[in-house]
Amino acid sequence: MENIARSLALHGTFADPYLLPTGPTAHTAPGYPILLGLIFLLFGSGAAGETMSRIASAIVSSVQYALLPRVSTTLGLPRFTGAVAGLLAAVAPYKGYVEGSRDSVDQPYVALALILLFLYTLKAWTVTASPSGTVSPLARGFWWGLASLFSPILGLVFAAVIGYEFFGMRRSAGLAPLLAAFAAIQAPWAIRNWVELHAFVPTRSNFGLELRISNRPESFALMEDNVSQGVMSRFHPGINEDEARKVAEEGEMAYTRSQMADARAEIRRDPARFLHLTGERFWRFWLAPSRRFKTTAASTAITLLGLIGLSLLPASAGTRLTWLILLTYPLIYYFIQVDARYTYPLGWIFLTPALHVVMLATRRFMGSRRPERQAP
């Protein structure tokens, strides 16, 4: 993403994501590289630009935590619980390797977008039927479409939300303008890709590459292991000069199609290994997405406590939407290498329920230790 942002700032082209110049690209969604490109344009792509990008990431992370009191009330918990959870997460950043660091990339922005969409969707589900209380379908489609330009996975969540509204809630009013607005926001990116890459690419072009790297005979479930064991340096065009040269010679779409074909052939050749890797990626996504012991231990504990907390909450629109997000958002990551950055946008979901469980346990423990009064 930094390479594309530099290309935008220096040349005005959404291009050259790899180790060598390879021309126009759709390797990433456009949202974050454009934002980072604006930062580089204003402050340069050196130390000053990188510092400003980290500051912006830290600010976005802080806004995310500031919204937790709102999230708490939607789950039927006190605002105080959300305020304390947000304060603790901000003061003791257990995911500091993402927030304001070089590894932050787009994940804090995706997390903030997901929180805002969560609150906005609940408003659409619960407002009164009066004209002044309704949420515009056009506005909903616009915001979901804009967020999906930062992460296409949010488009998958959007599809799940619409499916639930249509089949589960029996709501169909406003569906056409909602989908039309979403498509209108997405259309310029798809048209640009058709013109520049001569292919229909509605989101990103890199899935074939990621699927191939993640399911090679020598691949591991964790990205960290693929980096340390040399899989990435041998096969990824962002690191390997020979692979980058292939992209330049063949063109990005031809290259990614060949990668997809190789990935499918490998999966068919050894389906047992693919199933083993997929199973490992599933549990690692939730419980051990990194070999950083301290951050992994903290995030795993919060995730487990958060799941317990969510299971204790009464059924509500907020809890239903939360489970819908948890079921749909990670789906694509079960097929490609796991990295702790990919779990970050879901972290806010668990913070408030986890603290709720801790507070319940503390009250019960303190209550059990109080001496009983003796009858006179």
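Structural notes, computed from the coordinates. Since the model is a prediction, treat every value here as computed from it, not as a measurement.

## Considerations on the overall build of the protein
From N to C terminus, the protein includes 19 helices and zero strands. Taking the principal axes of the C-alpha coordinates as reference, the protein spans close to 90 × 55 × 45 Å. The buried share of the protein, taken over its 376 residues, is 51%. Total accessible area on the protein is roughly 18000 Å²; 66% of this is exposed by carbon and sulfur atoms.

## Things to note about the pattern of salt bridges
A full pass over the atoms with the stated rule returns 13 salt bridges. With a closest N to O distance of 2.9 Å, Asp339 and Arg341 form a salt bridge. Classification of Asp339 as buried rests on a relative accessible area of 9%. Linked by salt bridges that have partners in common, Arg216, Glu218 and Arg234 make up one network.

## Some thoughts on the environment of Gly12
With respect to the helices and strands, the residue Gly12 is situated in the loop between helix H1 (2-11) and helix H2 (31-43). For the pair Gly12 and Gly37, spaced 25 residues apart in the sequence, the C-alpha separation amounts to 9.1 Å.

## Digging into the packing of aromatic side chains
A full pass over the atoms with the stated rule returns 16 aromatic pairs. With 5.4 Å between their ring centres and 40° between their planes, Trp125 and Tyr164 make a pair best called tilted. Placement of the pair is Trp125 in helix H6 (residues 107-126) and Tyr164 in helix H8 (residues 153-168), with a sequence separation of 39 residues. One residue, Arg216, lies across the ring of Phe235, its end atom 3.5 Å from the ring centre.

## A short note on the packing of H8 against helix H9 (residues 175-197)
Relative to each other, H8 and H9 sit at 175°, their axes nearing to 12 Å. Taken together, the axes of H8 and H9 are roughly antiparallel relative to one another. Residue-level contacts link Gly155, Phe158, Ile162 and Phe166 of H8 to Leu175, Leu178, Leu179 and Phe182 of H9. Among the residues forming the contact of H8 with H9, the class breakdown is seven nonpolar, one polar and no charged.

## Digging into the packing of helix H7 (residues 137-148) against H9
What describes two packed helices is the angle between their axes and the distance between those same axes. Two elements in contact, H7 and H9, have axes whose closest approach is 7 Å; the angle formed by their N-to-C orientations is 35°. The hand of the H7/H9 crossing is right-handed. Listed contacts from H9 to Pro137, Leu138, Arg140, Gly141, Phe142, Trp144, Gly145, Leu146 and Ser148 of H7 are Pro177, Leu178, Ala181, Phe182, Ile185 and Gln186. Per-class residue counts for the contact of H7 with H9 are ten nonpolar, four polar and one charged.

## Structural notes on helix H14 (residues 252-269)
End to end, H14 covers 26 Å across 18 residues, agreeing with the expected 26 Å (1.5 Å per residue, within 8%). Those residues of H14 lying buried are Glu252, Met253, Tyr255, Thr256, Gln259, Met260, Ala263, Glu266 and Ile267. Angular distribution of buried residues about the axis of H14 spans 160°; they occupy a single face of the element. Seen from the open side of H14, the exposed residues pointing more than 90 degrees away from its buried face are Arg268 and Arg269. Buried residues in H14 make contact with H9, helix H10 (207-214), helix H12 (231-235), helix H13 (241-250) and helix H15 (271-287).

## Side note on the nonpolar core
The biggest cluster of nonpolar side chains holds 66 residues, and the ones touching the most others in it are Phe118, Ile325, Tyr329, Leu346 and Trp348. With twelve residues, the single largest contributor to this core is H6. Contact partners of Phe118, with chain neighbours within four places excluded, come to Val71, Thr74, Leu75, Gly318, Leu321, Thr322, Ile325 and Trp348.

## Topic: the side chain of Ser61
Following the sequence through the fold, Ser61 ends up in helix H3 (residues 47-66). With relative accessibility at 2%, the residue Ser61 sits in the buried group. At a separation of 2.9 Å, a polar atom in the side chain of Ser61 contacts the main-chain carbonyl oxygen of Ser57. Excluding residues within four positions of it along the chain, Ser61 makes contact with Glu99, Pro108 and Tyr344.

## Focus: H15
Here H15 is 17 residues long and its end C-alpha atoms lie 24 Å apart, about the 24 Å a rise of 1.5 Å per residue gives. Among all positions in H15, only Phe274, Leu277, Thr278, Glu280, Arg281, Arg284, Phe285 and Trp286 are buried.

## Some points on unusual backbone geometry
Positive phi is not limited to glycine here, since Arg170 has a value of about 60°. With respect to the helices and strands, the residue Arg170 is situated in the loop between H8 and H9. Owing to a relative accessible area of 69%, Arg170 belongs among the exposed residues under this scheme. Backbone geometry places His198, a non-glycine residue, at a positive phi of 55°. Along the polypeptide, His198 turns up in the loop between H9 and H10.

Conventions we followed
Residues numbered from 1 in each chain as written. Predicted model: local features only at pLDDT ≥ 70, side-chain atom pairs only at ≥ 80, totals over all residues. Heavy atoms only, no water. Helix = DSSP H or I, 4+ residues; strand = E, 2+ residues; numbered from the N terminus. Buried < 20%, exposed > 50% of the residue type's maximum accessible area, 1.4 Å probe, protein only. Areas by Shrake-Rupley, 256 points an atom, 1.4 Å probe, with all protein chains shown as cover. Salt bridge = Lys/Arg side-chain N within 4 Å of Asp/Glu carboxyl O. Phe/Tyr/Trp six-rings, centres within 6.5 Å; stacked < 30°, edge-to-face > 60°. Lys NZ or Arg CZ within 6 Å of the ring centre and 35° of its normal. Axes fitted to C-alpha atoms, helices over the stretch in contact; angles between N-to-C directions. Parallel < 35°, antiparallel > 145°, perpendicular 65-115°, else oblique. Contact = heavy atoms within 4.5 Å. Nonpolar A, V, L, I, M, F, W, Y, C, P; charged D, E, K, R; others polar. Left-handed = near helix turned anticlockwise from the far one by under 90°. Expected span 1.5 Å × (residues − 1). Arc of directions from axis to C-beta. Core = buried A, V, L, I, M, F, W, Y, C linked by side-chain atoms within 4.5 Å. Polar contact = N/O pair within 3.5 Å; in protein donor to acceptor, adjacent residues only side chain to side chain.

Such coordinate-based values are descriptive only and should not be taken to indicate function.
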